[in-house]
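Overview (structure and organization)
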Amino acid sequence: MTKKFLVVAAAAALLPLGACGHKTDAADNVQAAYDNSADAMDANASAIRDEGSNIADADKAAADNAADALNNKADATRDAGANKADAMDDAAKKK
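Predicted model, so just to flag it, every value in this text is computed and none were measured.

Structural notes on the overall build of the chain
Scanning the chain from N- to C-terminus turns up two helices and zero strands. In the chain, which comprises 95 residues, the proportion classed as buried is 1%.

Okay, here's the thing in structure tokens:
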């Protein structure tokens, strides 16, 4: 958020300087239109970065959930093996 604020503040501070150099209102309008387009592009680039970060976070969460599920299955498999081995020992003791 601070980075966005600084970019907007810097752009706002430079607008009056850019407007001073043109000899006609039409040239000023063209410059302003191009500046507005560039500002929109910067905003879109920032949104893309933010979205990319959100996607990465979601992918990481999904991967973590899949890994946790696999760990749970591994634990269940170990427990089932231990239970089976205990049952075999119990059966052998009864004979």
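Quick look at the pattern of salt bridges
Taken as a whole and judged by the stated rule, the model has two salt bridges. Ionic pairing is found between K60 and D64, a salt bridge with its closest N-O pair at 3.1 Å. Note that K60 and D64 are positioned in helix α2 (residues 25-94) at a spacing of four residues, about one turn of the helix. A relative accessible area of 35% places D64 in the partly exposed class. A salt bridge links D75 to R78, with the nearest nitrogen and oxygen atoms 3.6 Å apart. Here D75 and its partner R78 are both found in helix α2, three residues apart, which amounts to about one turn of the helix. You can call D75 partly exposed: its relative accessible area is 42%. Since its relative accessible area comes to 56%, R78 is described here as exposed.

Reading guide: rules and limits
- Residues numbered from 1 in each chain as written.
- Predicted model: local features only at pLDDT ≥ 70, side-chain atom pairs only at ≥ 80, totals over all residues.
- Heavy atoms only, no water.
- Helix = DSSP H or I, 4+ residues; strand = E, 2+ residues; numbered from the N terminus.
- Buried < 20%, exposed > 50% of the residue type's maximum accessible area, 1.4 Å probe, protein only.
- Salt bridge = Lys/Arg side-chain N within 4 Å of Asp/Glu carboxyl O.

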